[in-house]
Amino acid sequence: MHFDVISLFPEMVATIAEFGVVGRAQRRELVTVGFENPRDHTSDVHRTVDDRPYGGGPGMVMKYESLAGAVSAARQRSPEGSPVVYLSPQGKVFDQATANRFAELPGLILLAGRYEGVDERFIESQVDEELSLGDFVLSGGEVAAMAVIDAVVRLLPGVLGDDESAAQDSFMEGLLDHPHYTRPEEIDGCNVPDVLLSGDHAAIARWRMKEALGRTNQRRPDLIRKLELSEEQQTLLDEFLKEQKQ
Ligand code: 9WO
């Protein structure tokens, strides 16, 4: 899959993309990442990419022309059918379902904005989807673009090893993950739950499902409401809640 990132600070994204799962996927040529700097698509001596907002007010707005030049260059490098995605707090919320959908595409062109935003006419004519990671403001879209790349790359065939893929499968059922423990067995009087040391794989699976259900219910009731719990899951959640009250 090919990713192209349009950014005034392309090195920011390039550096993060060298590490971990995404870095390995690039080195194995499962993923390619290209960059386009709007500043390289200016024609004035000052290489101007921003200007004052019509209507007044603080801050600056990214100009149409240099962005259009950058998108045009990114399109030439990208496979046919690569949508242009703009990361901003005004977008629809990016979630795992969006990541799954993007993982089926041949490519993605990600626009990371700066300043107070992008000329609306650019969004109207060039952007296919405006997406947000959540209700907060960053100083630019680069970190969000990297998050999208990371979430999508780990879904591509062959990117994760068998162990990592299996771990992901269990996490993708719309629930938060269960707690994890590793050695030592005791830290400052806090012990690993007995069941995890029991060797009883059925009991361990049951405990993990119960914890996942309980935490999701406590921390993200919105996620629980979206799910159709099985009878077994409902029983486990009831048990969790009963044990909490004691
Ligand atoms: C700046 C600003 C200043 C005063 C009042 C409101 C304001 N909004 C913004 C703003 O949205 N700036 C953006 C910075 C312009 C587009 C790129 N930037 C950005 C992207 N910030 N946060 C994101 C982002 C992207 C995806 N998910 C969460 C946040």
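Residues numbered from 1 in each chain as written. Predicted model: local features only at pLDDT ≥ 70, side-chain atom pairs only at ≥ 80, totals over all residues. Heavy atoms only, no water.

Visitor: I tried to follow the domain arrangement of the chain on my own but got confused; where do I start?
Guide: When the parts of a complex come together, some accessible area is lost, and that lost area is often used as the size of the interface. Annotation of the chain at the domain level lists domain 1 (2–153) and domain 2 (170–245). Distance from the C-alpha centre of domain 1 to the C-alpha centre of domain 2: 38 Å. (Domains from an automatic or database assignment.)

Visitor: Sorry if this is basic, but what is going on with the site of the ligand here?
Guide: In the vicinity of the ligand there are 17 residues, among which Y86, Y115, L133, F136 and L138 approach most closely. The separation between a nitrogen atom of the ligand and a polar main-chain atom of Y115 is 3.3 Å. Here L138 contributes a backbone N or O atom positioned 2.9 Å from a nitrogen atom of the ligand. In isolation the ligand has 600 Å² of accessible area, and contact with the protein removes 76% of it. The greatest single-element share of the shell around the ligand, amounting to 4 residues, is contributed by strand β5 (residues 84–93). (Near = heavy atom within 4 Å. Polar contact = N/O pair within 3.5 Å; in protein donor to acceptor, adjacent residues only side chain to side chain. Areas by Shrake-Rupley, 256 points an atom, 1.4 Å probe, with all protein chains shown as cover. Helix = DSSP H or I, 4+ residues; strand = E, 2+ residues; numbered from the N terminus.)

Visitor: What exactly am I supposed to notice about helix α8 (residues 201–219) here?
Guide: The periodicity of an α-helix, 3.6 residues per turn, causes residues three or four positions apart to be oriented the same way. When the terminal C-alpha atoms of α8 are compared, their 27 Å separation across 19 residues agrees well with the 27 Å that a helix rising 1.5 Å per residue should span. Among the residues of α8, those classed as buried are I204, W207, K210, E211, A212, L213, G214, R215 and T216. Contacts from the buried residues of α8 go to α9 (221–226) and α10 (231–245). (Expected span 1.5 Å × (residues − 1). Buried < 20%, exposed > 50% of the residue type's maximum accessible area, 1.4 Å probe, protein only. Contact = heavy atoms within 4.5 Å.)

Visitor: For this particular structure, what's the right way to read the environment of L223?
Guide: When you line up the elements, L223 lands in helix α9. Looking at L223, the relative accessible area reads 16%, which means it is buried. Taking the C-alpha atoms as reference, L223 lies 7.1 Å from L175; in sequence the two are 48 residues apart. Apart from residues no more than four positions distant in its own chain, L223 is found in contact with G174, L176 and T216.

Visitor: Mind showing me how you'd approach unusual backbone geometry here?
Guide: Leaving glycine out, the prevailing phi sign among residues is negative, and the prevailing peptide bond configuration is trans. The residue after R183, namely P184, is reached through a cis peptide bond having omega 5°. In this structure, R47 takes a positive phi of about 55° despite not being glycine. Looking at where R47 falls in the secondary structure, it is placed in the loop between β2 (32–36) and β3 (50–51). A positive phi angle, close to 60°, is found at Y115, a residue other than glycine.

Visitor: Looking at this structure, how should I read the nonpolar core?
Guide: One broad trend across soluble globular proteins is that nonpolar side chains are buried collectively. Counting 29 residues, the largest nonpolar core has F3, L110 and I149 as its most contacted members. Secondary-structure elements contributing two or more residues to this core are β1 (2–6), α2 (20–27), β5, α4 (96–102), β6 (107–112) and α6 (142–153). Sort the elements by how many residues they give to this core and α6 lands first, with 8 residues. Look past the residues within four positions of F3 in its chain and what remains in contact with it is V31, T32, V33, G34, L108, L110, I149, V152 and V153. Counting 16 residues, the second-largest nonpolar core is a separate cluster that includes L67, A70, A74 and Y86. (Core = buried A, V, L, I, M, F, W, Y, C linked by side-chain atoms within 4.5 Å.)

Visitor: Got a minute to help me understand the side chain of H2 in this structure?
Guide: Within the fold, H2 resides in strand β1. Given the relative accessible area of 11%, H2 is considered buried. Side-chain polar atoms of H2 contact the side chain of T32, separated by 2.7 Å. Beyond its immediate sequence surroundings of up to four residues, H2 is in contact with T32, V33, G34, R77, S78, P79, P106, G107 and L108.

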